[in-house]
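Geometric and topological summary
Okay, here's what each chain looks like letter by letter:
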Amino acid sequence: MKALIFAAGRGERMRPLSDVTPKPLLRVAGRALIEWQIARLAAAGVTEVVVNTAHLAVQLEASLGVGRKHGVRIAYSREGTRAEDALETLGGIIHALPLLGDAPFIAISGDIVADYDYRALAPRAQRIAQGEADAHLVLVDNPSFHPQGDMGLRDGLITRTPPLLTYANIAVLAPRLFTFEPAGRRKLFPWLYAHVAAARVTGERFRGRWFNVGTPADLDAVDAALRAKPFA
């Protein structure tokens, strides 16, 4: 199974830090944000990684290279060289399809840090490959910065009804979902909700450690948290 890491945007709330350094390369506890997720993927045996790039793309590629030092193989889905070139999540997926192949793939944000075990997604991917679902989303309890949540979970299916949880920016997606979608700058949500309404999107609730690093204050807080209590 391959993984796509979204790393193309500027990260507006992280400015001015993200003006000169790609947000995924900002460091917490001695490691770049994106490296935390690459390490978790590699530990789970996911060694084929696609990274989409636009804003400060040269820095990202120079830092990560082909992935050898991280135990993975990295390919780049290049959307441009400026923040304005970034295609958002849905557009980024469509642009990256030639690198992702025909099998279900993991899609994650480059600015989250979590101790989620990606091995848990293998059986989910198998169900998607067999046509039992089209996507699988990981949800977490609503953080203080997003108390309203995003979507519900009932009997293993994503819903739009309360109580709502927060999308963890971790998913498994079927490439067939995007085959006939037009290219361009587009977001995955609310587009994917049509498949939610058709009961084609499964989900799970993750109760482990999960950080969404959106601001300089978040960066400092996550750095302190991981130094105080590293991942196992």
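Residues numbered from 1 in each chain as written. Predicted model: local features only at pLDDT ≥ 70, side-chain atom pairs only at ≥ 80, totals over all residues. Heavy atoms only, no water.

**Re the environment of Ala129**
Heads up, the rule is: Here a strand is any run of E in DSSP of at least two residues, a helix any run of H or I of at least four, and the numbering for each starts at the N terminus. Buried residues are those whose accessible area, probed at 1.4 Å on protein chains only, stays under 20% of the maximum for their type, while exposed residues exceed 50% and partly exposed ones sit between those limits.
With respect to the secondary-structure elements, Ala129 resides in helix α5 (residues 121-129). Under the relative-accessibility criterion, Ala129 is labelled exposed at 52%. For the pair Ala129 and Arg200, spaced 71 residues apart in sequence, the C-alpha separation works out to 13 Å.

**Details of the pattern of salt bridges**
Rule in force here: The salt bridge definition used is simple: a Lys or Arg side-chain nitrogen within 4 Å of an Asp or Glu carboxyl oxygen.
Per the counting criterion, the structure on display carries 17 salt bridges. With its nearest N and O atoms 2.8 Å apart, the salt bridge here joins Asp85 to Arg82. Ionic pairing is found between Arg200 and Asp134, a salt bridge with its closest N-O pair at 3.0 Å. Remark: Asp134 occurs in the loop between α5 and β8 (135-140) and Arg200 occurs in the loop between α6 (193-197) and β12 (201-206); sequence separation between them is 66 residues. Take Arg200: its relative accessible area is 24%, and that puts it in the partly exposed class. Because the salt bridges share partners, they merge into one network encompassing Arg10, Glu12, Arg15, Asp19 and Glu84.

**Things to note about α5**
Let me state the cut-off plainly: The arc in question is traced by the directions running from the helix axis to the C-beta atoms. In what follows, a contact means two residues having at least one pair of non-hydrogen atoms within 4.5 Å.
Within α5, the full set of buried residues consists of Leu121, Ala125 and Ile128. Take α5 and look down its axis: the buried residues cluster within an arc of 60°, on one side only. Structurally, α5 contributes buried residues whose contacts are with β6 (105-109), β8, β11 (166-173) and β12. Gly131 lies just past α5 and shows a positive phi near 90°.

**Focus on the pairing of β12**
We apply this condition: Whether two strands pair depends on DSSP finding at least two bridges between them.
Across the six residues of β12, five count as buried, placing the element largely inside the fold. Summarising the sheet, β8 and β12 pair through six bridges and their orientation is parallel. Following the sheet pairing, Val138 is matched in β12 by Glu204.

**Topic: the pairing of strand β4 (residues 48-53)**
Working note: regular strand, side chains alternate between the two faces of the sheet. Let me state the cut-off plainly: By definition, the crossover connecting two strands over a helix is right-handed if that path, from the first strand to the second, turns clockwise as seen with the strands pointing away from the viewer.
Of all six residues that make up β4, five are buried, and the element is covered over most of its length. Inspection of the sheet shows strand β1 (residues 2-6) paired to β4 by five bridges, in the parallel sense. Residue pairing across strands places Leu4 opposite Val50, the latter belonging to β4. Both β4 and strand β5 (residues 73-78) contribute to a ladder of six bridges, which runs parallel. Within β5, the position partnered with Thr53 by the bridge is Arg78. Note that the unit made of β4, helix α3 (residues 57-64) and β5 has a crossover that is right-handed.

**Quick look at the nonpolar core**
In plain terms, the rule: Residues belong to a common nonpolar core when they are buried Ala, Val, Leu, Ile, Met, Phe, Trp, Tyr or Cys residues joined through side-chain atoms within 4.5 Å.
Leu41, Ile93, Ile106, Tyr118, Ile170 and Phe178 are the most contacted members of the largest nonpolar core, which has 63 residues in total. Every residue in contact with Phe178, bar those within four places of it in the chain, is listed here: Leu90, Ile93, Ile94, Leu97, Phe105, Leu173, Leu188 and Trp191.

Bear in mind that shape data such as this cannot, by itself, settle questions of function.
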